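Spelled out from the first residue to the last, the chains are:
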Amino acid sequence: MYLRSIAALPQAILLSALFATLPASFAGAQMKVTDSGYLDTQGFSVMLYQNTYHPVFVDEKNAAMQIILHGQRIATNGDVRLMPTPEQWDLVAKLKERKADKEHNRLTADLSFPAYQMDYTLEVTAEPGGVRVSVNLDKPLPEKLAGRAGFNLEFLPSIYTGKSYAVDGKQFGVIPRSPQDPMQQVLPPADDPKKLPYQDEWDQAKGYTQPLPLVTGGSITLAAENPLYRVNVSSETAPVSLYDGRNRAQNGWFVLRSLIPSGKTEGAVVWHIHPDLIPNWTRPPMVAHSQAGYPPNFPKVAVIELDPNFDAPKTAKVVRLGADGSYHQVFEGPITAPTPWLRYHYANFDFSTVNEPGLYAIEYAGQRTDLFPIARDVYSRTWQSSLDGFLAVEMDHVSVREGYRLWHGVSHMDDARQAPPNTQHFDGYSTGPNLDSHYNPGEHIPGLNVGGWFDAGDYDNIAPSQYTVIENLSLAYKEFGLKWDELSVDETARTVEMHRPDGVPDAVQQVKHGVLQVLAQYKAVGHPFMGMIEPNLREYTHLGDAASITDERIYSDKLGPNEIDGNYSGKPDDRWAFTTKMPFLQYGAAAALASASRALKGWDDPLAKECLETAIKLWDEEHAHPTPSQRSFYGPPGMAAIGEWRAAVQLLIATDGGEPYKTRVRELFPTVRQHFAFGGWMAALALPYMDAEFKQQLEEAVKSYKTELDADLAKTPFGVPPSLGTWGGSSQVAAFGSRMYFLHKAFPQIVGPEYTLRAANYLLGTHPVSSTSYISSVGTVSKLKAYGNNRADGTFIPGGMIPGYIVIKPDFPESIDDFGFLWFENEYTVSTTSDWILAANAADALTR
Ligand SMILES: [Ca+2]
Ligand SMILES: [Ca+2]
Ligand SMILES: [Ca+2]
């Protein structure tokens, strides 16, 4: 099966392989450069560097040359790489310039590996049957890169696992479910350019190995058996090899690669990439609806996503399920005229008149959706898993058990070591020259191994997310009387048990778990700080039980690397504490602690008192001695005031209308109303303590916000803030949902309930690309492969909310259902999930 020699094949074989794969139907079709700068024909698009590598996280599997075939992004990262299966932090080329040439139907990118003085142009040109890709070097390949630099193109595992590969039309195999290739050691030359220290350290820790190819030949066809994803790559130059990137990393893709030969410049690599395009292929319509269903007597609107070339029927139907399995039509109605957005068209299907409780499906264009209920209480069971499932699993410094399963043992008992000065950490944390701590660099800071949550798919404890969770849950508890109790939490024993009520509301217990960490930081170094994170990439990339990331023993430099002495060890694996004092953290902690004091009252009065006292102290200290800002987290001027504003509002409420918070709320409002969505709206929470004049000002602000908002939302098909960044926007939609609830409550004559319900229905499935609920295990069809810390098992954490679709630039919305490794679409975070808990309760309150 393994062809280890990569002898060049005669040109005649290459040409026959090339023409044999050309389907007659497509041989004449010609891709064209679109106005938005990529190569396109019906069913097939090729983008070149419209998406670039991330400045911090580097390889996100969304960069360089990318291929969209029959509605799926099948391949990414097409460019020169220095190893067969590079990983997230491995070297990528620097983009100098990209061009789209309409006249010649050609995309070019000027690129460089400056450390190797290698400059080249990547050229992708339309040709009959597909595209021709060539790598044109400015100078012959540097000797140091001989046998290392090659053109790579990575294929999506969720499509190609279990599919065939065919080499030169005669040698066949199937890509296995799990990687199984022999590894060989590939040491970099001793005089290789220096990498960043954390990359060097990682390379040494993980070992310099790369897999041998599954196969090598002049032409490789993937998924010959599947007309949707069949694609052939043939090389005019060095042979093509197929590698399995999963041998190195669970998030690896399948790589096709040809080495760059020495001595050549123009056409150093020439490939022909030919899909087997289905003539006149159109993407089937996608009917987006709420997977949790709809309450009677409220709007029910599905959004239908249409390929512009699809001949769209003008009406859709609603059918009701009978106990005998029959479906009875209860409604047929028109869809609205399709309107374009990005690369698709969108139409609404309003079936609000269907109100009788039951189980329903929508039928459109020969498809029937999955079932959804119409019932008064559809939102009432949409947030519990987020609270007693996902958030519980993310609890740090405790063990978490569910029935027979231990989600994780007690984690990070060795927290934490003082991070050194002038450090730039790979996950964005940093220190300057001043640590604002009386601990020496590397010294153990006692007392930090308590409370808090893992931030996301990784295991760091980052302060702003913790504050958001505390504030959201406190607010949800006070506003909606969240008495849900299915967790037993014992902070002394450090144990959490799911499905075992203990008489204390879980929201209160989660709030307490959050403030234990915030208060621990304050006690340890005198102020809140940014957080704690694994010190190296080997630990950072850990997937498995959180309790086994570190050895749980405090590091001592008096012990050898493998020595243990009681609670101490010589292994420097403890997390770093990034202790820099920052004004937005001072205020962030004050806001979180003030809000927590309200939720804890009656359950843990001493802790409630300590939270409020500490919040007041932080406020007072920050006003007496403002912390100089070392780094701006809030972008535009005026946004800095938001931190103080949030603290002022929370302290105002926690002190029952106390001063100086009331005065400060009045003073800050004119500034923060410019950033209404980012916190200015919280004025609605302050209303009970403010006078009529303030209410008048807020009313005006709400009116102008609503006008702007309605105009903005009208530009998108889904009526919620669109996801146009490099990370899916579900969190913004959830926050929008709860914000609009509080504005509706304060000014029902201005703001209706429909915004909050739209946000909830969006997150539950009424969104682009697919109708999959973004909250795992909530709704009939939900996201069941996600980027939680159990992602190596290809599974989910109940109740976690994913970011959802992003736009692959310039116009391809993507949210891949059966793949969980794209963090920008799939990574749960605790703050986002707490946004959902609040929004879902708001939707429930509005409809009952
Ligand atoms: Ca993180
Ligand atoms: Ca409980
Ligand atoms: Ca340790």
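Everything numeric here is computed off the predicted structure, so don't read it as measured data. (Residues numbered from 1 in each chain as written. Chains lettered and ligands numbered in written order. Predicted model: local features only at pLDDT ≥ 70, side-chain atom pairs only at ≥ 80, totals over all residues. Heavy atoms only, no water.)

So, about the overall build of the chain. For the chain, the helix and strand inventory stands at 18 helices and 42 strands. Along the first, second and third principal axes, the C-alpha set of the chain runs to 85 × 75 × 50 Å. For the chain, the residues scored as buried account for 61% of the 848 residues in total. In the chain, 69% of the contacts between residues at least 6 apart in sequence involve partners at least 24 apart. (Helix = DSSP H or I, 4+ residues; strand = E, 2+ residues; numbered from the N terminus. Buried < 20%, exposed > 50% of the residue type's maximum accessible area, 1.4 Å probe, protein only. Contact = heavy atoms within 4.5 Å.)

A few words now on the coordination of the calcium ion (ligand 2). A four-donor tetrahedral metal ideally has 109.5 degree angles, and a six-donor octahedral metal ideally has angles of 90 or 180 degrees. Around the calcium ion (ligand 2), the protein contributes the donor atoms Asp485 (OD), Leu487 (O), Asp502 (OD), Val504 (O), Asp506 (OD) and Gln509 (OE1), which lie 2.3 to 2.5 Å from the metal centre. Every donor counted, the six donor atoms about the calcium ion (ligand 2) form angles of 80 to 170 degrees at the centre, which fits octahedral coordination. Motif for the calcium ion (ligand 2), donor spacing along one chain: D-x1-L-x14-D-x1-V-x1-D-x2-Q. With Asp485 in the loop between α6 (463–480) and β34 (488–490) and Val504 in the loop between β35 (495–497) and α7 (506–525), this pair connects stretches of sequence that are 19 residues apart. Owing to a relative accessible area of 23%, Val504 belongs among the partly exposed residues under this scheme. (Donors = N, O, S within 2.8 Å, 3.2 Å for Na, K, Ca; no water. Tetrahedral: all angles 85-135°; square planar, octahedral: opposite > 155°, others 65-115°.)

For the rest of this paragraph, the subject is the coordination of the calcium ion (ligand 1). Donor atoms from the polypeptide that bind the calcium ion (ligand 1) are Asp427 (OD), Asp455 (OD), Asp458 (OD), Asp458 (OD), Asp460 (OD) and Asp460 (OD), placed at 2.3 to 3.2 Å. Viewed at the metal, the six donor atoms of the calcium ion (ligand 1) are separated by angles of 49 to 148 degrees, and the geometry they form is irregular. Positions of the donor residues of the calcium ion (ligand 1), expressed as sequence spacing, correspond to D-x27-D-x2-D-x1-D. Of this pair, Asp427 sits in the loop between β32 (417–418) and β33 (461–462) while Asp460 sits in the loop between β32 and β33; the two residues are 33 residues apart in sequence, bridging distant segments of the chain. Of the two residues, Asp427 and Asp460, neither departs from the other in class, the shared state being buried.

The sheet built from four strands is open, its strands ordered β21-β22-β26-β25 with antiparallel pairing. The open sheet terminates on both sides in strands that have one partner only, identified here as β21 (286–288) and β25 (339–341). For this sheet, the mean angle separating the axes of adjacent strands, direction not counted, is 35 degrees. (Pairing = 2+ DSSP bridges. Axes fitted to C-alpha atoms, helices over the stretch in contact; angles between N-to-C directions.)

Across seven bridges, strand β23 (residues 315–321) lies against strand β24 (residues 327–334) in antiparallel orientation. In the sheet register, Val318 faces β24, and the bridge partner there is Phe331. What sits between the antiparallel neighbours β23 and β24 is a turn of five residues, in which Gly325 has the positive phi angle 90 degrees.

Of the residues in the chain, 95% reach a pLDDT of 70 or more, and the chain-wide mean stands at 94. Across residues 1–28, where pLDDT falls below 50, the model places 52 contacts with residues more than four positions away in sequence or in other chains. (pLDDT = per-residue confidence, 0-100.)

Below, the discussion takes up unusual backbone geometry. Cis geometry is adopted by the peptide bond preceding Ala416, which originates at Asp415 and carries an omega value of -15 degrees. Position of Ala416 among the secondary structure elements: in the loop between β31 (405–408) and β32. A cis amide bond, omega 5 degrees, links Glu659 with the succeeding residue Pro660. Looking at the element boundaries, Pro660 is found in the loop between α11 (640–654) and α12 (661–672). One non-glycine residue with positive phi stands out, namely Asp656, at about 60 degrees. On the accessibility criterion, Asp656 (61% relative accessible area) is exposed. Unusually for a residue other than glycine, Ser777 sits at a positive phi of about 75 degrees. Position of Ser777 relative to the elements: it lies in the loop between α16 (754–763) and β41 (806–808).

Moving on: the sheet that holds strand β3 (residues 44–48). Each strand in a sheet pairs with its neighbour through backbone hydrogen bonds, running either in the same direction (parallel) or in the opposite one (antiparallel). One open sheet accounts for nine strands, arranged β1-β2-β3-β4-β5-β10-β19-β18-β15; its pairing is antiparallel. Either end of the sheet is taken by a strand with one partner, and the two such strands are β1 (32–33) and β15 (215–217). Pairing of strand β5 (residues 72–81) with strand β10 (residues 150–155), which is carried by five bridges, proceeds in the antiparallel orientation. Each residue of the ladder has a partner; that of Asp79, found in β10, is Asn152.

The subject of this paragraph is the pattern of salt bridges. Throughout the structure, instances matching the rule amount to 33 salt bridges. Where Glu87 meets Lys206, a salt bridge forms, and the shortest distance between an N and an O atom there is 3.3 Å. Linking Glu87 in the loop between β5 and β6 (94–101) with Lys206 in helix α4 (residues 197–206), this pair joins segments that are 119 residues apart in sequence. Across the pair, exposure class does not vary: Glu87 and Lys206 are buried alike. Lys206 is the salt-bridge partner of Asp203, the closest N and O atoms lying 3.6 Å from each other. Of the two residues, Asp203 and Lys206 are both situated in helix α4; the distance of three residues between them amounts to about one turn of the helix. (Salt bridge = Lys/Arg side-chain N within 4 Å of Asp/Glu carboxyl O.)

Under the 1.5 Å per step criterion, the end-to-end length of α7 is 29 Å for 20 residues, consistent within 8% with the ideal 28 Å. Taking burial as the measure, the 20 residues of α7 include 18 buried ones, the bulk of the element. (Expected span 1.5 Å × (residues − 1).)

With that settled, the discussion passes to the side chain of Arg73. As for its placement among the helices and strands, Arg73 is situated in strand β5. Of note is the side chain of Arg73, whose polar atom sits 2.6 Å from the side chain of Gln66. Polar side-chain contacts of Arg73 include one of 2.7 Å to the side chain of Glu814. Once residues lying within four places of it in the same chain are set aside, the contact partners of Arg73 are Lys61, Asn62, Gln66, Ile67, Ile68, Leu156, Ile808, Phe812, Glu814, Leu822 and Phe824. (Polar contact = N/O pair within 3.5 Å; in protein donor to acceptor, adjacent residues only side chain to side chain.)

Here we take up the nonpolar core. Phe155 and Tyr160 are the most contacted members of the largest nonpolar core, which totals 224 residues. Not counting residues up to four positions away in its chain, the partners in contact with Phe155 are Ile74, Ala75, Tyr160, Leu222, Val231, Val233, Trp253, Phe254 and Leu256. With 19 residues, the next largest nonpolar core counts Val287, Ile304, Ala312 and Tyr360 among its residues. (Core = buried A, V, L, I, M, F, W, Y, C linked by side-chain atoms within 4.5 Å.)

Okay, the environment of Gly263 next. Along the chain, Gly263 turns up in the loop between β19 (254–259) and β20 (269–275). What makes Gly263 exposed here is its relative accessible area of 58%. Placed 28 residues apart in sequence, Gly263 and Ser235 show a C-alpha to C-alpha distance of 18 Å.

Moving on to the environment of Ile67. Within the element layout of this structure, Ile67 appears in strand β4 (residues 65–69). Judged by relative accessible area, Ile67 falls into the buried class, the value being 1%. As for Ile67 and Pro275, which are separated by 208 residues in sequence, their C-alpha atoms are 9.9 Å apart. Non-local contacts of Ile67, meaning those with residues more than four positions away in its chain, are made with Phe44, Ser45, Val46, Gln72, Arg73, Ile74, Ala75, Leu153 and Ile273.

Under the defined criterion, the tally for this structure stands at 34 aromatic pairs. Between the aromatic rings of Phe480 and Tyr741, the centroid separation amounts to 5.2 Å while the plane-to-plane angle is 55 degrees, which identifies the pairing as tilted. Of the two residues, Phe480 is situated in helix α6 and Tyr741 in helix α15 (residues 730–746); the sequence distance between them amounts to 261 residues. The two residues Phe480 and Tyr741 agree in class, both being buried. Across from the ring centre of Tyr344, 4.4 Å away, lies the NZ or CZ of Arg283, which sits over that ring. For the cation-ring pair, Arg791 lies above Tyr787, with the distance from its terminal atom to the ring centre recorded as 3.7 Å. (Phe/Tyr/Trp six-rings, centres within 6.5 Å; stacked < 30°, edge-to-face > 60°. Lys NZ or Arg CZ within 6 Å of the ring centre and 35° of its normal.)

Where helix α14 (residues 692–713) meets α15, the axes come as close as 13 Å, and the angle between the chain directions of the two elements is 145 degrees. As for how α14 packs across α15, the hand of that crossing is left-handed. Within the contact between the two elements, α14 uses Val702, Tyr705, Leu709 and Leu713 and α15 uses Phe736, Arg739, Met740 and Leu743. Class assignment of the residues belonging to the contact of α14 with α15 gives a composition of seven nonpolar, no polar and one charged. (Left-handed = near helix turned anticlockwise from the far one by under 90°. Nonpolar A, V, L, I, M, F, W, Y, C, P; charged D, E, K, R; others polar.)

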